[in-house]
Amino acid sequence: MTLRIGVDTGGTFTDLCAFDEATGQVHVRKVSSTPDDPGRAIVLGINELLEQMGGRSIGEVSYLAHGTTVGTNALLTGRGVRTGLITTKGFRDLLELGRGRRPHLYDLQADKPEPLVPRDLRLEITERVRHDGRIETPLDHEEVRSAVRELKAKKVGSIAVCLLYSYLRPDHERQIGEIIAEEFPEAYVSLSCDVMPEFREYERLSTVVTNAYIGPVVANYLSRLRQRLAENGLTCTPHVTQSNGGIIPFPAAESMPVRLVLSGPSTGVVGAAAITSEAGSPNIITFDMGGTSSDVSLVQDGEPKVTAGMELDGRPIRSPMLDIHTVGAGGGSIAWIDSGNHLKVGPASAGAFPGPACYGNGQDATVTDANVVLQVLNPEYLLDGQLKIDAQASHRAVKSIADPLGLTVPEAAQGIIRVVTANMARAIRVISVQRGYDPRDYVLVPFGGAGPLHASRLAIELGITRIIVPETPGAQSALGLLMTDIRSDFMRTQITRVTPHSTDDLSKVFTELTDQAIEWFDEEGIEPERRSILRRLEMRYAGQNYELPVDVPEGPITGATIASLVEGFQHAHDRMYGYSARDEVAEAVTFRVQAIADVPRAAISRAAAQGRKVEDTVVGLREVYLAEHGDYVSCPVYDRRLLDVGHHIVGPAVIEQMDTTTLLLPSDVCTVDDTRNLVIDIRRTPNE
């Protein structure tokens, strides 16, 4: 068995990538997503991919990894299960009160998101643990039994348990879990001491409720997909991507679905980091533009930036994840005119169905339709002829935008591109400028079906001077699934001052977390030579309210380790806030350990020039509308499959391949490097 397959499910397409370990070849396939049952497109795509590879058998697949948005979609669309909550007496309404902030500071009419658990399903029980972990009021077991029976009578499918200070002492939550197992064994149960053993009670409560709300949906989906794949002949255990960029087996993911909220986009970042590091560019900004949204992230020294949480649809979720920012700007994003007669694009999307107007079902003008009008995209077909294009439908859709604005159809289409570019630039500034990083110091790496189309204009907007387009950008997230490791995170909050005298205190917590990681390695059957552990501290100045992550050096915690931690924190604080207070005492808040199991991965091979002439790779000419000329300009169209190492192309030009199209603007210079990336140097300024 030599085949390794990665499957990434998007809003419009499901991307599949297979790596043949025997030959070193990578094979790519795209099929339309089936939102009503994502597993249907996955099985269809795997069968088509194996057929494309010469009729290979699914029994030859030794590894299969999947990136999914099932949990995220269930949360965003309100299609989770009926959920109950058991919490400490006096904290029933915390889920609704939150931090007492309005969603938009100056909008007095803005509504907060509806709580995932209605008030009548939020039950209080008698118990109290102090801030130092001492039990002040013992748990009332009979009251718990009564609460569980009440939730069962109200037909909940899932129960979240979140008690005050359970991250310090989980005894009471564990006892509640045992009682639920006795009284209501069919319920899906989430304990906050398992899901998120950290302080900040509102964020912990929101996270465990989210886990309980989407848990049965994700568990059922993964279970059904696992069974369907087995029935089709898959013999290996399938894995799913976590938000932290690592993978875990399906059964493990079914109990912790909140860790999958960024399952889809995370592996694209991991794969891009590996590819560009090999190409000599470890500092990058990834730009994943699909059919529904764009996901951006920053990679420093070959390592994606991580964060402890995010806010999704107004609800905080605390879980280790890559620092990815998403904006509703994809190929299917719909253009519209607001009440002030201004052109807007997104966040609404045409999705997989009806899709852009050019696909033959929709009528709204989308970003894809704008590119068809401009003829940046092939006006006849996409995906090597798999998808026919109705260019006239795109013209009609864009004309419905152009006429009210008094523009020509090409001008309106170019306006759509400008607006969506501005939206994406704002997203990149969130993960760069707002984090203390200058985007001009980074290389832009576009992928997704639409990323390379817009990369050059986006780079100009941000002042970026170089772009690297991977070999299979349209299926980059699927390929990234073949380049990532198995990972699991362990964490605990214990506020400790970081001084030369605190080595024992820090060592004690990290030792306990490391023991948990080793136990996980043993349970997963990971051989010792494949194991590695990363440690991180979230630190702040004493009295501050927020923390910054600092990597912990390998080895025992010594005085030198303490000095390194303090210096790392000062540097991080200075970068984020523009100053550091070196006379203030720093303290550790949350301790984190990440267990990593190395797995065989798709290799990044280097190629030698085959001696082809670049002129022989031109497959035609196409009239492309360029704003720089204010008109359609004849541009050569290159077939990327024919491009050779060392080839140079000067824009304007279009480079086509099965999974995407790359646009070179005038004066852009593209070179094919020895890992078959397109390296594009931007030699323009915004004022040109």
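Residues numbered from 1 in each chain as written. Predicted model: local features only at pLDDT ≥ 70, side-chain atom pairs only at ≥ 80, totals over all residues. Heavy atoms only, no water.

Colleague: Quick question: what am I supposed to make of the state of the cysteines here?
Modeller: Working definition of a disulfide: a covalent bond connecting the sulfur atoms of two cysteines. Counting across every chain of the model gives zero disulfides. Cys 17 carries a free sulfur, and the closest cysteine sulfur to it, the one in Cys 236, is 16 Å from it. Residue class for Cys 17 comes out buried when judged on its relative accessible area of 0%. No disulfide involves Cys 193; its nearest neighbouring cysteine sulfur is the one of Cys 162, lying 9.5 Å away. (Disulfide = S-S within 2.5 Å. Buried < 20%, exposed > 50% of the residue type's maximum accessible area, 1.4 Å probe, protein only.)

Colleague: What am I meant to see in the side chain of Ser 502 here?
Modeller: Examined against the element boundaries, Ser 502 turns out to sit in the loop between β25 (486-497) and α15 (503-524). Look past the residues within four positions of Ser 502 in its chain and what remains in contact with it is Thr 496, Arg 497 and Ile 562. (Helix = DSSP H or I, 4+ residues; strand = E, 2+ residues; numbered from the N terminus. Contact = heavy atoms within 4.5 Å.)

Colleague: Quick question: what am I supposed to make of the nonpolar core here?
Modeller: Grouped burial of nonpolar side chains is what soluble globular proteins tend to show. One finds Ile 285, Leu 444, Leu 458, Ile 467, Ile 649 and Ile 655 to be the most contacted residues of the largest nonpolar core, which totals 76 residues. Filtering out sequence-adjacent residues up to four positions away, Ile 649 remains in contact with Val 614, Tyr 638, Leu 643, Ile 655, Leu 664, Asp 668, Val 669 and Cys 670. Residues Ala 74, Cys 193, Tyr 202 and Val 299 belong to the second largest nonpolar core, which totals 58 residues. (Core = buried A, V, L, I, M, F, W, Y, C linked by side-chain atoms within 4.5 Å.)

Colleague: Any chance you could explain the pairing of strand β30 (residues 631-639) here in plain terms?
Modeller: Within a regular beta strand, the side chains point alternately toward one face of the sheet and then the other, so they alternate between its two faces. One ladder, built from eight bridges, connects strand β29 (residues 618-626) with β30; its direction is antiparallel. If you follow Gly 620 over to β30, its bridge partner there is Val 637. Linking β29 to β30, which pair antiparallel, is a turn of four residues; within it Gly 630 sits at a positive phi near 70°. Here β30 runs beside strand β32 (residues 653-657); their pairing, made up of three bridges, is parallel. Counterpart to Tyr 638 in the pairing with β32 is Ile 655. (Pairing = 2+ DSSP bridges.)

Colleague: I would appreciate a short explanation of the sheet that holds strand β5 (residues 83-88) in the present structure.
Modeller: Strands belonging to one sheet form pairs held by backbone hydrogen bonds; the direction of such a pair is parallel or antiparallel. Across the sheet, which stays open at both edges, the four strands sit in the order β6-β5-β9-β10 with parallel pairing between neighbours. Looking at the sheet topology across the chains shown, the edges are occupied by β6 (122-125) and β10 (188-191). Going from strand to strand, the sheet's axes swing by 20° on average, the running direction of each strand aside. Together, β5, β6 and β9 (158-162) form the strand contacts of helix α4 (residues 141-153), whose direction differs from that of β6 by roughly 170°. Against the sheet, helix α7 (residues 201-231) contacts β5, β9 and β10, and its axis sits at roughly 165° relative to β9. (Axes fitted to C-alpha atoms, helices over the stretch in contact; angles between N-to-C directions.)

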